[in-house]
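Working through the structure, step by step
Listed here are the chains, written in short residue letters.
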Amino acid sequence: MPTVSMTVNGQTVSAEVDGRTLLVEFIREHLALTGTHVGCDTSQCGACVVHVNGEAAKSCTMLAVQANGASVTTIEGLSEGDDLHPMQAAFKDNHGLQCGFCTPGMIMSAVDLAKRNPNPTEAEIRKGLEGNICRCTGYHNIVKAVAQGAAGMRG
Amino acid sequence: MQSFNYAKPASLADAAAALAKAEDGTLLAGGQTLLPTMKARLAAPSDLVDLAGIAELKGISVSGGTVTIGAMTRHADVAGSAEVKGAIPALAALAGGIGDQAVRNRGTIGGSVANNDPAADYPAAVLGLGATVRTNSRSIAADDFFTGLFDTALNAGEIVTAVSFPVPQKAAYVKFPNPASRYAMVGVFVAKTASGVRVAVTGAGNGGVFRVPAYEAALAANFSPSAIADGVISAADMNSDLHADAEYRAHLVAVMARRAVAAAG
């Protein structure tokens, strides 16, 4: 079985895995970081979005071996200490979630968007979240949250 | 997903060798199509040869009126490339409309053209611009490359290394995306070049991407949407599925073609 080593939320991790282990399975089942969710498991819904080398990726559509040597950030690694990341705080402030299942992926995609486009318009936010599906909110408060979170990230 | 052997060679020669000795091996590029296909057990290769470690397959260069994009260059890199935006803005825009951002951060041009999904975007640009697909053994003209649904002129074991696009005078790509998958229900790439006009359609044909000679002739005489206002496309060769029937797709081809000509300006 191949050995994979990567940095996850700043910690170096290494394990022998079956080659077909998905990155999301590695994160959830080997590392017990269950904040990253599996929704559709077909790369449509975005619940599994994490950052690989600083960029959003759907961890259900990536093998753990493909992330060998990479730096991975999950929702658990976004905040520093007990203070929420500005994007997390914005989702809380704007009630940008109901059941919360899509929220980790939504926030990871939103942070990726705001890093590339620090001051996105509403249309750019909606386009930027095309790969993340929410079945509760109707997106309105998510879009508001991302605008506030992006402003918070600008500082 | 069925189990497989995994290899990540550092050179093209090693990749070709790994593929040759595999019982039923497959190349892994970005994996955005292959991995879901394997998860659904529609593909069960004995070996995956990951191309991500081969530096020579990545990158974009522009010289002498040609944009060359390495096979492992990701959609996000093409969409964000100042060089591509400057030389062929329609190509950068097309790459920026594939899937979603997370998919564009993984998916590659080589994987897209080698897979030849009948609803993929890149085949329309490759055929519409008359590009050349470069492999580890030869160069293949776009007109000879796409041979049918998920089928190409690539031989077993042949590896796409790059795609070279001639810079057109003007070009545009307009698609009607499926709202869930963002795949093209119909996408039309129109290019005006010194040697004529090319019109390539993806998403619609039951044999994959195709050209529309009647539109090309009309637009060569008069490059404006009005030149193809009466250009009815036959529904006989259109794809029909739950998203759109053949008649609707034929209608969309005409509409998207006119919009693409208008967008090209």
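Residues numbered from 1 in each chain as written. Chains lettered and ligands numbered in written order. Predicted model: local features only at pLDDT ≥ 70, side-chain atom pairs only at ≥ 80, totals over all residues. Heavy atoms only, no water.

**Focus on the packing of aromatic side chains**
Residue and element names in this part refer to chain B.
- Tallying each qualifying case throughout the model produces three aromatic pairs over all chains.
- Measuring from centroid to centroid gives 5.0 Å for Phe-145 and Phe-146, while their planes differ by 90°, and the two rings are edge-to-face. Each member of the pair, Phe-145 as well as Phe-146, carries the same accessibility label: buried. (Phe/Tyr/Trp six-rings, centres within 6.5 Å; stacked < 30°, edge-to-face > 60°. Buried < 20%, exposed > 50% of the residue type's maximum accessible area, 1.4 Å probe, protein only.)

**Brief notes about the layout of surface pockets**
- There is about 460 Å³ of room inside the second largest pocket.
- Lining the second largest pocket are 25 residues, and of these Ala52(B), Lys58(B), Arg74(B), Asn105(B) and Arg106(B) sit closest to its centre.
- By residue number, the principal contributor to the lining of the second largest pocket is strand β4 (residues 55–58) of chain A, which donates three residues.
- Looking at the lining of the second largest pocket residue by residue, the class counts come to nine nonpolar, nine polar and seven charged. (1 Å grid on protein atoms, 1.4 Å probe; cavity = no way out; pocket = protein on both sides within 12 Å on 5 of 7 lines; lining within 4 Å. Points joined across faces, edges and corners; volume = space filled by probe spheres on them. Helix = DSSP H or I, 4+ residues; strand = E, 2+ residues; numbered from the N terminus. Nonpolar A, V, L, I, M, F, W, Y, C, P; charged D, E, K, R; others polar.)

**Some remarks on the environment of Ala29(B)**
- In this fold, Ala29(B) is placed in the loop between β2 (25–28) and α2 (34–39).
- Taking the relative accessible area as the measure of exposure, Ala29(B) reaches 16% and is therefore buried.
- The spacing of Ala29(B) and Thr108(B) is 79 residues in sequence and 6.6 Å in space, taken between C-alpha atoms.
- Not counting chain neighbours up to four residues away, the residues in contact with Ala29(B) comprise Gln66(A), Asp50(B), Met72(B), Thr108(B) and Gly111(B). (Contact = heavy atoms within 4.5 Å.)

**A look at the interface of chain B and chain A**
- Contacts between the two partners involve 27 residues from chain B, matched on the other side by 21 residues from chain A.
- Note on chain B versus chain A: buried area summed over both sides is about 2,000 Å², and carbon and sulfur give 51% of it.
- On the surface where chain B and chain A come into contact, there are three salt bridges.
- The partner of Glu55(A) in a salt bridge is Arg74(B), and the shortest N-O contact between them spans 2.6 Å.
- Viewed at the interface, chain A and chain B are joined by nine residue pairs in polar contact (both at pLDDT 80 or more).
- Taken together, the elements giving at least two residues each to the side of chain B that touches chain A come down to α2, β3 (47–50) and α6 (101–104) of chain B. (Buried area = accessible area lost by both parts, 1.4 Å probe. Salt bridge = Lys/Arg side-chain N within 4 Å of Asp/Glu carboxyl O. Polar contact = N/O pair within 3.5 Å; in protein donor to acceptor, adjacent residues only side chain to side chain.)

**Side note on empty space enclosed by the protein**
- Applying the stated criterion across every chain, the model contains two cavities of 30 Å³ or more.
- Taken as a whole, the largest cavity holds about 70 Å³ of empty space.
- Along the wall of the largest cavity there are 13 residues; nearest its centre are Ser109(A), Gly128(A), Asn132(A), Gln101(B) and Ala102(B).
- Among the secondary structure elements, those contributing two or more residues to the lining of the largest cavity are β4 and α3 (103–116) of chain A together with α6 of chain B.
- Looking at the lining of the largest cavity element by element, the count peaks at four residues for α3(A).
- Of the residues assigned to the lining of the largest cavity, the class counts are four nonpolar, five polar and four charged.
- Contributing to the lining of the second largest cavity are His37(A), Val38(A), Gly39(A), Cys40(A), Asp41(A), Ser43(A), Gln44(A), Cys45(A), Gly46(A), Ala47(A), Cys48(A) and Cys60(A).
- Per-class residue counts for the lining of the second largest cavity are six nonpolar, five polar and one charged.

**Here we look at the domain arrangement of chain B**
All names here are of chain B.
- What the domain assignment reports for chain B is domain 1 (5–53) and domain 2 (58–264).
- If you look at the interface, domain 1 gives eleven residues, while domain 2 gives 14 residues.
- Here domain 1 meets domain 2 over a buried area of about 980 Å², counting both sides, of which 71% is carbon and sulfur.
- Counting across the domain 1 and domain 2 interface gives zero salt bridges.
- Run the count over domain 1 and domain 2 and you get one residue pair in polar contact (both at pLDDT 80 or more).
- Tallying contributions element by element places helix α1 (residues 12–21) first for the side of domain 1 that touches domain 2, with four residues.
- Residue composition of the side of domain 1 that touches domain 2, grouped by class: eight nonpolar, three polar and no charged. (Domains from an automatic or database assignment.)

**Points about the side chain of Glu216(B)**
Residues and elements named next belong to chain B.
- Along the chain, Glu-216 turns up in helix α10 (residues 213–221).
- Among the residues examined, Glu-216 registers a relative accessible area of 10% and is labelled buried.
- There is a polar contact of 2.9 Å between the side chain of Glu-216 and the backbone nitrogen of Val-199.
- Every residue in contact with Glu-216, bar those within four places of it in the chain, is listed here: Val-197, Arg-198, Val-199 and Arg-211.

**Quick look at the sheet that holds strand β4 (residues 60–63) of chain B**
Residue and element names in this part refer to chain B.
- The strand order across the open sheet formed by five strands is β4-β5-β10-β6-β7, and the pairing between neighbours is antiparallel. Single-partner strands in this sheet number two, and they are β4 and β7 (139–141). On average, each strand axis in the sheet is inclined to that of its neighbour by 20°, with strand direction left out of account. (Pairing = 2+ DSSP bridges. Axes fitted to C-alpha atoms, helices over the stretch in contact; angles between N-to-C directions.)

**Here's the deal with the pattern of salt bridges**
- Scanning the model with the defined rule gives 15 salt bridges over all chains in all.
- One network of salt bridges, with partners in common, ties together Asp143(B), Arg198(B), Arg211(B) and Glu216(B).

**Notes on the sheet that holds strand β1 (residues 5–7) of chain B**
All names here are of chain B.
- The three strands are arranged β1-β3-β2 in an open sheet whose pairing can be described as parallel. Across the chains shown, the open sheet's two edge strands, defined by having one partner strand only, are β1 and β2. Neighbour-to-neighbour, the strand axes of this sheet turn through a mean angle of 20°, independent of strand direction.

**Regarding the packing of helix α2 (residues 86–93) of chain A against helix α5 (residues 140–154) of chain A**
All names here are of chain A.
- With their axes 8 Å apart at the nearest point, α2 and α5 run at an angle of 145° to one another. Classified by chirality, the crossing of α5 by α2 is right-handed. For the pair formed by α2 and α5, the contact residues are Pro-86, Met-87, Ala-90, Phe-91 and Asp-93 on the first element and Ile-142, Ala-145, Val-146, Gln-148, Gly-149, Ala-150, Gly-152 and Met-153 on the second. (Left-handed = near helix turned anticlockwise from the far one by under 90°.)

**Describing the environment of Gly187(B)**
All names here are of chain B.
- Take Gly-187: it is sitting in strand β12 (residues 184–193).
- Taking relative accessible area as the criterion, Gly-187 reaches 0% and is therefore assigned buried.
- As for Gly-187 and Ser-139, which are separated by 48 residues in sequence, their C-alpha atoms are 26 Å apart.
- If near-sequence neighbours (up to four positions away) are discounted, Gly-187 is found in contact with Tyr-173, Val-174, Lys-175, Ala-200, Val-201 and Thr-202.

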